[in-house]
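# Structural overview
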Amino acid sequence: MNGKRVLVTGGAGFIGSNLANSLAGDNDVVAIDDLYLGTPENLDDAVEFHDVSVLDDDLPTEDVDVVFHLAALSSYKMHEDDPARGARVNVEGFVNTVEQARNDGCDTVVYASTSSIYGSRTDPSPEDMPVEARTGYEASKLARERYAEYFHHHYDMHLAGLRFFSVYQGFGGAEEHKGEFANTVAQFADKIAHGERPELFGDGSQTRDFTHVDDVVRGIELAADHRLQGIYNLGTGESYSFNEMVSMINDALGTDVDPAYIENPLDVYVHDTMADCTKIREATGWEPEISFDEGVRRVCEPYHSD
């Protein structure tokens, strides 16, 4: 993408700031964030930042070519603490942002959905398989997908919903301030580097399709470049257990810290995930470039200089 004016909502958060900073070299980037989960310290000086909410009436959507809508309450726990607030931010905030952008002439939107709606699967999950909402978080993301269909059919807009699979990077990559809400790879690496035992639910056999944020950012940009419409997975098509992740972190750090196994405190929990990314590969040529082994090494690298 080059020479565009773009709006990134949730732009001071983890994925949002990585995207905004990546785009800022060749584009005019506006980032908005209410700083619930983000911090402007994540953003390069080239990014124009506004401390506003996606629920506000006067968003900076003038002359915007593309909206990247990443703002959300992004976990099961946040939604269960206040389901009404979760719906306002994740659903009403989506509709409000897209409608304001549409009124200002923008017809291209890329937005965050979630792979959690596939439930627990050890086989690759294609976009056309049946899904369900078992949590408020999942319901809010499915609602986005339905509203995106409305905007497409009623207003001829292009809206690409991306179902992310376990996006990760190290604490230095914009999540250190999030504490328990940071990605598990960063959390576990930080604990192990400081001699603490990471806590794993159950026996640690649960698996995730861990996808590096740099690959995710590339996928988001390609979705906009190709003006995709519909739903697309972003994942690697490979899965690793939490036990394997801890072992890989120990290898990368040169440590030998065993995890602590605890009872799973969550009422609803996805045990296994794996993406089928055939659809976005065929549409854009996107392929993940960073293996999990390489990604773990990147996460652990800063601790070698401490």
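In case you missed it, the structure is sitting above this.
Let me sum up the structure you'll find in this document. (Residues numbered from 1 in each chain as written. Predicted model: local features only at pLDDT ≥ 70, side-chain atom pairs only at ≥ 80, totals over all residues. Heavy atoms only, no water.)

In this section: the nonpolar core. Core analysis: the largest hydrophobic core is formed by 38 residues, its most contacted members being Ile15, Phe68, Leu162, Phe164 and Ile220. When contributions to this core are tallied by element, the ones reaching two or more residues are β1 (5-9), α1 (14-23), β2 (28-32), β4 (66-69), β5 (108-114), β6 (158-164), α6 (213-225) and β11 (230-234). Top contributing element to this core by residue count: α6, with six residues. Two domains each put at least three residues into this core: domain 1 (2-165 + 209-232) and domain 2 (169-206 + 237-283 + 291-300). (Core = buried A, V, L, I, M, F, W, Y, C linked by side-chain atoms within 4.5 Å. Buried < 20%, exposed > 50% of the residue type's maximum accessible area, 1.4 Å probe, protein only. Helix = DSSP H or I, 4+ residues; strand = E, 2+ residues; numbered from the N terminus. Domains from an automatic or database assignment.)

On to the pairing of β4. Burial of the side chains of β4 extends over both faces: Val66 and Phe68 are buried on one face and Val67 and His69 on the other. For β1 and β4, the ladder comprises four bridges, and the chain directions are parallel. Paired with Thr9 across the strands is His69, a residue of β4. (Pairing = 2+ DSSP bridges.)

Before going further, it helps to examine a negative patch on the surface. A contiguous patch of negative charge, built from Asp34, Asp51, Asp56, Asp57, Asp58, Glu62, Asp63, Asp65 and Asp104, is present on the exposed surface. Following the sequence through the fold, Asp56 ends up in the loop between β3 (48-50) and β4. Note on Asp56: relative accessible area 32%, which makes it partly exposed. (Patch = residues over 30% accessible without salt bridge, like charges linked within 9 Å, V, L, I, M, F, W, Y side chains within 5 Å. Areas by Shrake-Rupley, 256 points an atom, 1.4 Å probe, with all protein chains shown as cover. Salt bridge = Lys/Arg side-chain N within 4 Å of Asp/Glu carboxyl O. Lys, Arg positive; Asp, Glu negative; His and termini not counted. Charge placed at Lys NZ, Arg CZ, Asp CG, Glu CD.)

The subject of this paragraph is the sheet that holds β6. An order of β3-β2-β1-β4-β5-β6-β11 is seen for the seven strands of this open sheet, with the pairing classed as parallel. The sheet is open, and its two edges are formed by β3 and β11, each paired on a single side. Taken over all neighbouring pairs, the strand axes of this sheet differ in orientation by 20 degrees on average, direction set aside. Sheet topology places β6 next to β11; five bridges connect them, and they run parallel. Looking at the pairing, Leu162 lines up with Tyr232 of β11. Where helix α3 (residues 83-103) meets the sheet, it contacts β1, β4, β5 and β6, and its direction lies at approximately 170 degrees from that of β4. Along the sheet, helix α4 (residues 136-155) makes contact with β4, β5, β6 and β11, crossing β5 at roughly 155 degrees. (Axes fitted to C-alpha atoms, helices over the stretch in contact; angles between N-to-C directions. Contact = heavy atoms within 4.5 Å.)

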